[in-house]
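Notes for the structure review
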Number of protein chains: 2
Amino acid sequence: MNPSTANIEESILSAILAGRIPPGTRLGEQKLADLFGVSRTRVREAMMRLETRGIVQVSARRGWFVVEPSADEAREAFQTRRVIETGLLQTVREVPPKVLASLKEHVAIERQAIETGDVSSRACLLGDFHIHLADALGNRLLTEIIRDLTARTTLISMLYQPTEKAEESSHDHEDIVAAMEAGDLAGAARLMDEHIGKVEAGLDLSAKPDPLASLRELLVPSTFSDVAPSMPHAHGAAAPHAHHHPSTKED
Amino acid sequence: MNPSTANIEESILSAILAGRIPPGTRLGEQKLADLFGVSRTRVREAMMRLETRGIVQVSARRGWFVVEPSADEAREAFQTRRVIETGLLQTVREVPPKVLASLKEHVAIERQAIETGDVSSRACLLGDFHIHLADALGNRLLTEIIRDLTARTTLISMLYQPTEKAEESSHDHEDIVAAMEAGDLAGAARLMDEHIGKVEAGLDLSAKPDPLASLRELLVPSTFSDVAPSMPHAHGAAAPHAHHHPSTKED
DNA sequence: CTTACAAGCTTTGTATACAAGCCTGTGAGC
DNA sequence: GCTCACAGGCTTGTATACAAAGCTTGTAAG
């Protein structure tokens with residue numbers, strides 16, 4: 001594949017995984033072309049690839065947008081992750097010591113980021129745990145699939161996650177690794193199932209994505225964003241209560 | 001997405017699933033463009049999408065080719081399928097009667113195709129079983145993933161599968177459905193694991209894909225293809241013994 | 001004051017032209 | 001007779017020009 005195309009693709013994907021790009025972000029072809037110093041052709045290539053991977057969507061003649069998964073799509077993504085990640089743990093016979101060591105190290109870094117209060121890297125790390133797991137226990141194909149799914153999940157969390165429970169997630173990760181160390185793969189799978197279930201349960205899937213969220217956030221001081229009755233609401237509908245935490249990921 | 005682009009993509013994918021397009025097939029942009037009555041631009045779109053999905057590959061300035069998975073890639077594909085398909089069965093709590101009925105019907109059709117000796121539809125049906133399973137028990141996302149993996153597996157079988165065991169596969173499918181009916185999802189998962197294992201074990205992954213396979217087949221009477229010492233071999237290497245059964249799929 | 005409509009601008013959609021490189025065939029040199 | 005170099009054709013790679021359609025904004029009628 002062309003390096004510049006792959007570059008654009010990878011940049012956008014990793015920015016999403018890091019929580020730097022919120023769902024619904026518009027990605028203009030010309031702007032990206034200027035930014036990366038390439039022609040629109042290349043940008044379109046990258047966009048179409050990302051569309052195939054379920055990361056962006058095109059709205060005819062309006063532009064490319066980072067996907068905003070619906071509640072149904074969110075459920076699908078979580079079910080798929082549950083299937084694959086528990087399946088992975090249960091398929092594996094034994095965990096090589098090196099893998100165990102690297103996972104433990106990862107969890108340690110997670111905890112450190114949480115204690116230090118490093119919000120931005122924390123969000124990225126929590127998702128990375130799952131990717132590392134797939135990489136260590138599975139193969140490239142599996143890793144790629146999990147990566148795309150994690151990107152999706154990250155976006156979903158940004159849309160529907162009212163509260164953040166990073167410590168709990170990291171603790172779950174720790175438990176999973178502990179079970180793996182004990183050789184209890186079935187237990188690890190169960191813990192993983194519960195972990196993903198917890199994350200999913202922590203979402204407010206009834207909260208419809210707010211089309212005005214970005215504007216609202218720009219105009220209203222964030223601490224007052226929930227109590228700004230003077231802001232005009234579209235169509236007189238009740239204010240959607242989807243919270244928007246750009247660097248928050250519950251995973 | 002543009003309908004014509006999606007059309008090209010789907011046509012090629014389903015042709016691969018049906019075993020009508022062997023691995024390594026060259027897919028010229030202009031030819032496809034003429035065939036579908038569209039411009040090269042659209043064809044390229046479809047090709048790039050299929051490349052993202054791991055179905056085709058581009059060789060710079062030579063053309064697009066249906067992938068010829070290496071032995072390693074084959075192992076990855078099978079591991080991934082094992083992970084996902086056993087994971088799916090173990091994640092599901094109970095199987096709705098309607099699902100059970102449709103799966104049983106599918107197996108019945110399989111058996112019928114085998115008894116009738118309908119080789120071409122048989123190959124397609126054996127792969128379809130897994131896709132149907134994902135569709136019935138999982139969701140669209142999962143189905144899409146399994147579909148792409150099945151396409152890969154089909155190509156792998158064409159490259160590395162010396163003998164065909166359609167009856168055995170169909171019997172495996174039957175057993176899996178029976179376990180599901182008995183409510184023994186864990187057992188079904190185990191059977192699925194064994195089933196995929198059997199298929200993988202039936203491959204001859206040491207047989208390197210033969211770049212001359214298609215030529216050899218065209219030039220040498222098939223019954224003598226293994227004993228044709230007069231045919232010039234590239235680089236004096238021993239004759240690769242990868243057999244090529246266009247409408248054979250072990251799944 | 002609200003709503004409908006229209007003009008202009010911006011952005012994507014699509015085709016096409018040209019550039020670059022691989023493969024094949026031919027001919028010269030040994 | 002054989003090998004190697006080179007040229008021509010064919011295929012993909014890339015950019016760009018133009019077409020089509022959306023959104024915004026301005027204006028005027030009800």
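The structure under discussion appears in the preceding block.
Just so it is clear, the model here is predicted, and its values are computed rather than measured.

Moving on to the sheet that holds strand E2 (residues 56–59) of chain A. All names here are of chain A. Spatially, the three strands line up as an open sheet ordered E1-E3-E2, and their pairing is antiparallel. Each end of this open sheet is capped by a strand with a single partner; those strands are strand E1 (26–27) and E2. Judged from the four bridges that link them, E2 and strand E3 (residues 63–66) form a sheet pairing that is antiparallel. Bridge pairing links Val56 to Val66 in E3.

This part is about helix H7 (residues 140–160) of chain B. Across its 21 residues, H7 of chain B extends 30 Å between first and last C-alpha, which sits within 8% of the 30 Å expected from 1.5 Å per residue. Between a side-chain oxygen at the N-terminus of H7 of chain B and the backbone nitrogen of Leu141 of chain B the separation is 2.9 Å; the capping residue is Asn139 of chain B.

Moving on, we get to the nonpolar core. The biggest cluster of nonpolar side chains holds 123 residues, and the ones touching the most others in it are Leu89 and Met180 of chain A together with Leu89 and Met180 of chain B. Beyond its immediate chain neighbours, meaning those up to four positions away, Met180 of chain A contacts Leu89, Val95, Leu100, Leu103, Leu133, Leu137, Leu185 and Ala188 of chain A.

In this arrangement, two copies of a chain are superimposed by a rotation about an axis accompanied by a shift along the axis. For these two chains of identical sequence, chain B goes onto chain A by a turn of 180° and a shift of 0.0 Å along the axis, with RMSD 0.1 Å. Both copies of the chain, as the preceding transformation shows, are related through a two-fold rotation axis. Using C-alpha coordinates, one finds that chain B approaches the rotation axis most closely at Gly87 of chain B, a distance of 1.9 Å. Here 100% of the interface residues in chain B have copies in chain A that are interface residues too; the copies meet face to matching face.

This next bit is on the pattern of salt bridges. Enumeration over the complete set of coordinates arrives at 38 salt bridges over all chains. Glu194 of chain B is the salt-bridge partner of Arg190 of chain B, the closest N and O atoms lying 3.4 Å from each other. Of this pair, Arg190 of chain B and Glu194 of chain B both sit in helix H9 (residues 185–201), four residues apart, which is roughly one turn of that helix. Owing to a relative accessible area of 48%, Arg190 of chain B belongs among the partly exposed residues under this scheme. It is possible to trace a salt-bridge network through shared partners that takes in Arg82, Asp193 and Glu200 of chain A together with Arg93 of chain B.

On to the interface of chain B and chain A. Of the residues lining the interface, 31 residues belong to chain B; the matching set on chain A comes to 31 residues. Of the roughly 2,700 Å² buried between chain B and chain A, counting both surfaces, carbon and sulfur atoms make up 55%. Contact with chain A buries surface across chain B, with Thr52, Val83 and Leu141 of chain B losing the most and accounting together for 21% of the total. If you look at where chain B meets chain A, you find six salt bridges. The residue Glu76 of chain A makes a salt bridge to Arg140 of chain B at a minimum N-O spacing of 3.1 Å. Counting residues per element, the ones that place at least two in the side of chain B that touches chain A are helix H3 (40–52), helix H4 (71–91) and H7 of chain B. Element by element, the count of residues in the side of chain B that touches chain A is highest for H4 of chain B, at 12 residues. Among the residues making up the side of chain B that touches chain A, the classes are represented as 10 nonpolar, nine polar and 12 charged.

Here is what the cut-offs are and how they apply
Residues numbered from 1 in each chain as written. Chains lettered and ligands numbered in written order. Predicted model: local features only at pLDDT ≥ 70, side-chain atom pairs only at ≥ 80, totals over all residues. Heavy atoms only, no water. Pairing = 2+ DSSP bridges. Helix = DSSP H or I, 4+ residues; strand = E, 2+ residues; numbered from the N terminus. Expected span 1.5 Å × (residues − 1). Polar contact = N/O pair within 3.5 Å; in protein donor to acceptor, adjacent residues only side chain to side chain. Core = buried A, V, L, I, M, F, W, Y, C linked by side-chain atoms within 4.5 Å. Buried < 20%, exposed > 50% of the residue type's maximum accessible area, 1.4 Å probe, protein only. Contact = heavy atoms within 4.5 Å. Least-squares fit on C-alpha atoms with pLDDT ≥ 70 in both. Salt bridge = Lys/Arg side-chain N within 4 Å of Asp/Glu carboxyl O. Buried area = accessible area lost by both parts, 1.4 Å probe. Nonpolar A, V, L, I, M, F, W, Y, C, P; charged D, E, K, R; others polar.

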